[in-house]
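Notes for the structure review
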Amino acid sequence: MKKMFCRQLLACFCLVGVAFTSPAFAAYDGPKFSFRVAHTTPPGNHITLAFEKFKELVEKKSDGRISVQIFPNAMLGSDRVLMEGAQKGSLEMAVSSTPNMANFSPLYQIFDLPYITSPQNQEKLYAAIDSGELGKYLVKVAHDIALEPIMYAEYGYRNFVTIKKPISSVKDLAGLKIRTTDSPVEVEVAKALGMNPTPVAWGETYTALQQGTVDGEGNTFPHLYGAKHHEVLKYAITSVHNYGMQVMMANKKWWDKLDPKAQGLIREAAAEALTYQRTKLYPENEAKAREGFIKAGIKIVDLTPEQVEEFRVATRPVWDKFMNQFPKELVQMVLDTQK
């Protein structure tokens with residue numbers, strides 16, 4: 001774990017072009033200031049805890065000269081509203097899931113393509129984002145929309161869940177009204193599986209399930225459990241049909257005006273918080289959420305490799321529809337992480 005931490009931390013600094021000569025910065029003697037980070041993740045979720053760790057590290061490393069105010073659980077609005085705030089500068093930093101980043105650049109939809117990544121190759125994906133060409137490419141994507149990427153927090157792999165009927169195969173999903181984000185790729189995945197996609201903001205999804213506006217959704221177990229969706233859900237399958245990240249972005253103009261020492265300190269804190277999340281918070285939260293589902297009476301069907309392949313084949317036409325919308329080099333960089 002220690003070696004992986006050092007590698008990821010060094011990689012993060014190399015990626016953004018910050019000189020890195022020692023395991024920690026000298027005592028911060030730059031300007032005092034504060035900034036805000038807003039996200040939609042519920043209390044207790046590994047993502048929320050990662051941002052809390054980030055705050056703790058920034059304030060500790062700066063000896064209190066830099067303070068961070070966190071607004072969790074969609075307090076200030078949906079992913080889209082928050083990221084629009086970061087773009088305009090009314091927020092210093094905002095967090096959005098990669099599917100919802102499609103509102104700002106369609107290139108983020110590359111991760112929405114069903115089964116383009118897999119849990120088995122997760123370390124390779126981390127390396128590509130942290131220190132590889134994929135990470136550098138995504139920096140340019142963010143700059144084009146007036147944002148500066150700070151942290152690609154783990155989100156996890158989504159699974160389908162429902163309130164209506166048992167599910168264990170593709171045919172069981174047919175006809176269900178499924179909550180999706182605004183991502184066109186995610187909408188098409190739902191259609192390919194015979195479902196009726198219904199885009200709903202995350203903060204409104206619990207009520208939509210309660211009222212029967214939607215029959216189910218696709219999300220990670222920790223995200224669903226933290227938002228108490230297990231109170232209304234009844235069935236789940238481990239479809240792991242796509243991967244997502246919670247991207248923390250800064251307003252680029254604000255970021256560029258920061259003292260270089262402050263920028264370096266913030267990036268160091270983000271790298272440490274990210275490693276802590278990936279190696280400790282996420283695995284623990286995943287196990288806790290699954291246990292919570294079972295205690296709540298939710299029937300979880302763990303799909304076999306053969307059953308997952310059924311989903312892969314059924315959703316493959318989505319690739320054909322969207323592949324020409326992505327630069328070939330971006331597609332190849334993501335595919336290379338699965339070799």
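Check the entry above for the structure.
A short tour of the structure in this document, coming up. (Residues numbered from 1 in each chain as written. Predicted model: local features only at pLDDT ≥ 70, side-chain atom pairs only at ≥ 80, totals over all residues. Heavy atoms only, no water.)

**Overview of the overall build of the protein**
Within the protein one finds 13 helices and eleven strands. Against the compact-globule benchmark of 20 Å for 339 residues, the protein has a radius of gyration of 20 Å, which places it among compact chains. On the principal axes, the C-alpha backbone points of the protein span a range of 60 × 40 × 40 Å. For the protein, the proportion of its 339 residues judged to be buried stands at 57%. Here the protein holds 40 positive side-chain charges and 37 negative ones, and the gap between their average locations is 1 Å. (Helix = DSSP H or I, 4+ residues; strand = E, 2+ residues; numbered from the N terminus. Rg over C-alpha atoms; globule rule 2.2 N^0.38 Å. Buried < 20%, exposed > 50% of the residue type's maximum accessible area, 1.4 Å probe, protein only. Lys, Arg positive; Asp, Glu negative; His and termini not counted. Charge placed at Lys NZ, Arg CZ, Asp CG, Glu CD.)

**Quick word on helix 7 (residues 184-192)**
Considered for burial, the residues of helix 7 that qualify are Val185, Glu186, Val187, Glu188, Val189 and Ala190. Elements that come into contact with the buried residues of helix 7 comprise strand 6 (177-180), strand 7 (196-199), strand 8 (216-219) and helix 12 (305-322). Positive backbone phi, approximately 80°, marks Gly194, located one or two places after helix 7. (Contact = heavy atoms within 4.5 Å.)

**Re helix 8 (residues 202-211)**
Taken residue by residue, helix 8 has Trp202, Thr205, Ala208 and Leu209 as its buried positions. All buried residues of helix 8 fall inside an arc of 95° around its axis, so they share one side. Exposed side of helix 8, more than 90 degrees from the buried face: Gly203, Glu204, Gln210 and Gln211 are the residues found there. Of the surrounding secondary structure, the elements contacted by the buried residues of helix 8 are strand 6, strand 8 and helix 9 (221-226). Backbone geometry just after helix 8 places Gly212 at a positive phi near 80°. (Arc of directions from axis to C-beta.)

**Some words on the sheet that holds strand 8**
With mixed pairing, the six strands of this open sheet are ordered in space as 7-6-8-5-9-11. A strand with exactly one partner marks an edge of an open sheet, and here the two such strands are strand 7 and strand 11 (299-301). Going from strand to strand, the sheet's axes swing by 25° on average, the running direction of each strand aside. Sheet topology note: the strand 6/strand 8 ladder contains two bridges and is parallel. Looking at the pairing, Ile178 lines up with Gly216 of strand 8. (Pairing = 2+ DSSP bridges. Axes fitted to C-alpha atoms, helices over the stretch in contact; angles between N-to-C directions.)

**Observations concerning the pairing of strand 5 (residues 159-162)**
The two faces of strand 5 match: Asn159 and Val161 on one face and Phe160 and Thr162 on the other face are all buried. Inspection of the sheet shows strand 5 paired to strand 8 by four bridges, in the antiparallel sense. Bridging across to strand 8, Asn159 finds its partner in Asn219.

**Regarding the sheet that holds strand 4 (residues 147-157)**
In a beta sheet, neighbouring strands pair by backbone hydrogen bonds and run either parallel or antiparallel. The strand order across the open sheet formed by five strands is 2-1-3-10-4, and the pairing between neighbours is mixed. Either end of the sheet is taken by a strand with one partner, and the two such strands are strand 2 (66-71) and strand 4. Direction aside, neighbouring strands of the sheet carry axes that sit 20° apart on average. Pairing of strand 1 (residues 33-38) with strand 3 (residues 93-97), which is carried by two bridges, proceeds in the parallel orientation. Residue Ala38 lies in a different strand from strand 3, and its bridge partner there is Ala94.

**Looking at the packing of helix 4 (residues 122-131) against helix 5 (residues 133-143)**
Two numbers describe how helix 4 lies on helix 5: the axes approach to 4 Å, and their chain directions differ by 50°. One element, helix 4, and the other, helix 5, form an angle in the oblique class. Crossing hand, helix 4 versus helix 5: right-handed. Each of Leu125, Ala128 and Ile129 in helix 4 lies in contact with helix 5, whose residues at this interface are Glu133, Leu134 and Gly135. Classifying every residue of the contact of helix 4 with helix 5 gives four nonpolar, one polar and one charged. (Parallel < 35°, antiparallel > 145°, perpendicular 65-115°, else oblique. Left-handed = near helix turned anticlockwise from the far one by under 90°. Nonpolar A, V, L, I, M, F, W, Y, C, P; charged D, E, K, R; others polar.)

**Digging into the environment of Lys177**
Note on placement: Lys177 falls in strand 6. Residues Lys177 and Met248 lie 71 residues apart in sequence; the distance between their C-alpha atoms is 30 Å. Once residues lying within four places of it in the same chain are set aside, the contact partners of Lys177 are Asn196, Thr198, Gly212, Thr213, Val214, Asp215 and Gly216.

**Points about the packing of aromatic side chains**
Inspection of the entire model under this criterion finds seven aromatic pairs. Of note, Arg278 hangs over the ring of Tyr126, and the distance from its end group to the ring centre comes to 3.8 Å. Over the ring of Trp319 we find Arg316, and its NZ or CZ is 3.9 Å from the ring centre. (Phe/Tyr/Trp six-rings, centres within 6.5 Å; stacked < 30°, edge-to-face > 60°. Lys NZ or Arg CZ within 6 Å of the ring centre and 35° of its normal.)

**Comments concerning the packing of helix 2 (residues 46-61) against helix 11 (residues 260-295)**
For the pair helix 2 and helix 11, the least separation of the axes is 8 Å and the interaxial angle reads 145°. Crossing hand, helix 2 versus helix 11: right-handed. Residues His46, Ile47, Leu49, Ala50, Lys53, Phe54, Leu57, Val58 and Lys61 of helix 2 lie in contact with helix 11, whose contacting residues are Leu265, Ile266, Glu268, Ala269, Ala270, Glu272, Ala273, Tyr276, Gln277, Leu281, Tyr282 and Asn285. Here the contact of helix 2 with helix 11 is composed, by residue class, of 14 nonpolar, three polar and four charged.

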